[in-house]
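Each chain, written out:
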Amino acid sequence: MTDELHLIDAAKAGSAKAFADLVKSYQVRLLRFLLTRCASHADAEDALQDTFIAAFRYLHSYDPRWRFSTWLYRIAIRNAHKIRQENVVEIGDLSDEEDDPLLHCIAASETENLWVSARRVLNDDVFAATWLRYAEDMSINDISKALDRSDSWTKVNLLRARKALDAEMNRENNGKEAYG
Amino acid sequence: MDKLAEQLRDDAARIDVRVSDEFDRRIAASLEAVSHEVPKSQRIRQRPAAFWWASSLTGVAAALVLISLINTHSQVEDVPLVSPITSPVSVATIPSIDWKAESAMLTQPLKRELEDLQADLKKAEEKVKKEIGL
C-alpha cells in the first residue's frame, strides 16, 4: 500500500514510469472484472483502456482518503456502462451467451465456476458488489463508493446475493452427487 | 472465511485472463498521447496560492477605483425645495387689488389680558422653581 502511494505521488508529479507500474499492477484484475460487465472481450479492453486514460488524466484530482483500487473500479464501472449504452443505442444489444467473454475465459480454464451462476441469478449491480466483496476483498464502504450506492443498499444486496449463491452452490453440489 | 466466500474467491482467480503484448502497447501508446495534454490541465488546477491572492487583490483594487470614480464624477443637482410656480397667466394681466386694511391697535382690555397672562406665567415659573428646589 505504501509502495502504491509512492507510485501515485510519483505519477502525480509526472512520472510516466510510475503510472505504467500502477497500470501493470491493476490491469489483469480490472480486465477480469470488466469481462463480467461487458458484452465482448474487445469492449472490456476498450473499457480498460478508457479507465487508465481517465485515471492518468485526472490523477491530480484523486483523493488519497479513498483506496486507489476503489477509485479505479469506480471509473471502470462507469466506462463499462458507457460502452454498453453506446452498443445498445448504436447497433442494438449484441449480447449473446456464446460471445460472453466471461464464459470464454471460464471455458478456457475447464472448470465449473460459481461466477457463471452468479451472472445468471444476480443483476448487474449486485453481481458487481459481490465481485468486489469476494474477488477483490473490498470493504462495504468501498463497494458503496465504487458503485455509488448507500452502505445499506450494499449490505442488503450482498446478503441477498449470498442467499441466492448458497442455494446455487447447494444445487450444483446435489447435482454432482446425484450424477456423480 | 466461509465456504461460499472461499469458493467465490477461488473461482474468480480461476477466470483465465491474459493481457496481450499488443494490448499493452496500445495502452502505453494511448497514455503517451495523453501525457502531452496532462501537464496543461494540471497547471490550470494547480496554480500557486500567490496567483489567487494576486487575482483577489486586483479585483478589490478595481472595485475601489470604480467606487472612487463614481463618487468624484457624480454631480448632485441642487433640487429646489419649492418648485417655482409656473403660471400660464401673465403676471401683468392679474389686476391688483386695493386692500383696505388698517393696523390693529391694542386696546385696553387686551393689554390687561396680556399682563394677566404674563403674571400667570411668572407664577407658574416660580412654582416650578420651588418644586425642584431652586
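Up top is the structure these notes are about.
For the structure given in this document, a descriptive report is provided here. Remember, it's a predicted structure, so these values are computed and weren't measured experimentally.

Here is what the cut-offs are and how they apply
- Counting starts from 1 at the beginning of each chain's written sequence and moves along it residue by residue.
- Here chains are named by letter from A upward and ligands by number from 1 upward, in the order in which they appear as written.
- Given that this is a predicted model, residues contribute local features only at a pLDDT of at least 70 and side-chain atom pairs are listed and counted only at 80 or more, while totals for whole chains, interfaces and linings are drawn from all residues.
- The helix count covers DSSP runs of H or I at least four residues long, the strand count covers runs of E at least two residues long, and both are numbered beginning at the N terminus.
- Residue burial is a threshold on neighbouring C-beta atoms within 10 Å of the residue's own C-beta, all placed from the backbone, with 20 or more meaning buried, 12 or fewer meaning exposed, and counts in between meaning partly exposed.
- Note that contacts rest on C-beta atoms placed from the backbone: two residues are in contact if these are within 7 Å.
- Lines fitted to C-alpha atoms define the axes here, with helix axes fitted over just the stretch in contact, and angles between the N-to-C directions of these axes take values from 0 to 180 degrees.
- A clockwise turn of the near helix away from the far one marks a right-handed crossing, whereas an anticlockwise turn of less than a right angle marks a left-handed crossing.
- Residue type decides the class: Asp, Glu, Lys and Arg count as charged, Ala, Val, Leu, Ile, Met, Phe, Trp, Tyr, Cys and Pro as nonpolar, and the leftover types, Gly among them, as polar.

## Side note on the overall build of chain A
A count of helices and strands for chain A gives nine helices and zero strands. For chain A, the α and β elements follow one another from N to C terminus as α-α-α-α-α-α-α-α-α. Expressed as a percentage of its 180 residues, the buried residues of chain A come to 35%. Within chain A, counting contacts between residues at least 6 apart in sequence, those at least 24 apart form 61% of the total.

## A short note on the environment of I83(A)
Residues and elements named next belong to chain A. Along the chain, I83 falls in helix α4 (residues 68-91). When the 21 C-beta atoms within 10 Å are taken as the criterion, I83 is described as buried. C-alpha separation for the pair I83 and A47, spaced 36 residues apart in sequence, amounts to 7.0 Å. Residues in contact with I83, not counting those within four places in the same chain, are C38, D43, D46 and A47.

## Observations concerning the packing of helix α2 (residues 16-35) of chain A against helix α3 (residues 41-57) of chain A
Residue and element names in this part refer to chain A. One can describe the packing of α2 onto α3 by two numbers: an axis separation of 10 Å at closest approach and a directional angle of 145°. Read as a crossing pair, α2 and α3 show a hand that is right-handed. From α2, F19, V23, Q27, L30, L31, L34 and L35 reach across to α3, where they touch H41, A44, A47, L48, T51, F52 and F56. Partitioning the contact of α2 with α3 into residue classes produces 11 nonpolar, three polar and no charged.

So yeah, pure geometry; function would need other evidence.
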